[in-house]
Amino acid sequence: MVTNSQRLRTILSLAQKNLSSLIHEVWFHPRLDALYPEFLFAAYGLTMASAPAMRLAARCCAEVEDKDPLNQWLKDYYLEHAEEEDGHGEWLLADLASLGVERQRVRQRLPYPSVAALVGSQYYWMRHVHPIAYLGYIAVVEEPAQLDFLHEVSRRTGIPLASMSCHVQHAELDPGHVAEFDATLDSLPLTPEQRDLITVSAITTIGHLERVFTDILEHFKRLEDPASASTIFTASGTVLV
């Protein structure tokens, strides 16, 4: 019998080939040392929305608590993981500060529209369909880089591990995170409609992440070009480099 997680992972393995290629292009960029702050900026836009999104999902569960036996469990799950996510944005701000990018400049700069679109799509699913959809988002994004890989990146690029603390801490804290998530998914008595919604949410997440990683690469090209770099402004009109 195919489990919930096996079904989902099989579909995602087919759907995320282009995303995997884009992620590889970023991590193995010949100028990753210069590109890395742009990578962190995009990650910050996503990370600062994670805990609020999960708390909203928990509230959505509470609103329909008597209609679905899974909603109380989901509510508790989202609240627990929202607490775990609190402060992760600070890790990214600290990493950027260690690379010479001031916190105020990060906060003033508008996030990528692709980041807003990704987070916004999850708000739609949880508000207008069912909050279980957010599990599809988690299935895609909660897969930390391996610690050995991060050490290799640091040696190859010269980026200090101290400037990769967000990735390093995720690698140290969540080595079995994917397996734990899959075991949890397999324990849930999902209806066919709920399985489909989780899958659609995950595939939607992959599509938006493709745009996010494309934006990272495209924005870096603009930052390298003095003529076009002037179009990338913070709210105060200062270019973030």
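Residues numbered from 1 in each chain as written. Predicted model: local features only at pLDDT ≥ 70, side-chain atom pairs only at ≥ 80, totals over all residues. Heavy atoms only, no water.

Draft legend 1. Summary view of the layout of surface pockets. As a volume, the largest pocket reaches approximately 1000 Å³. The wall of the largest pocket is formed by 33 residues, among which I23, V141, E143, P144 and F213 lie closest to the centre. Those elements giving two or more residues to the lining of the largest pocket turn out to be α2 (17-27), α3 (32-63), α8 (134-141), α10 (165-173) and α12 (192-224). The greatest single-element share of the lining of the largest pocket, amounting to six residues, is contributed by α3. Counted by class, the lining of the largest pocket contains 20 nonpolar, nine polar and four charged residues. For the second largest pocket, the calculated volume is near 190 Å³. Lining the second largest pocket are 16 residues, and of these E84, E85, H88, E142 and H177 sit closest to its centre. (1 Å grid on protein atoms, 1.4 Å probe; cavity = no way out; pocket = protein on both sides within 12 Å on 5 of 7 lines; lining within 4 Å. Points joined across faces, edges and corners; volume = space filled by probe spheres on them. Helix = DSSP H or I, 4+ residues; strand = E, 2+ residues; numbered from the N terminus. Nonpolar A, V, L, I, M, F, W, Y, C, P; charged D, E, K, R; others polar.)

Draft legend 2. Representation of the packing of aromatic side chains within the structure. With the rule as written, the count across this model stands at eleven aromatic pairs. Here Y36 and F39 contribute two aromatic rings whose centre-to-centre distance is 6.1 Å and whose plane-to-plane angle is 80°, an arrangement assigned as edge-to-face. Within this pair, Y36 and its partner F39 are both found in helix α3, separated by three residues, close to a single helical turn. For F39, a relative accessible area of 6% corresponds to the buried category. Relative to Y137, the ring of Y134 has its centre 4.9 Å away and its plane inclined at 25°; by these criteria the two rings are stacked. (Phe/Tyr/Trp six-rings, centres within 6.5 Å; stacked < 30°, edge-to-face > 60°. Buried < 20%, exposed > 50% of the residue type's maximum accessible area, 1.4 Å probe, protein only.)

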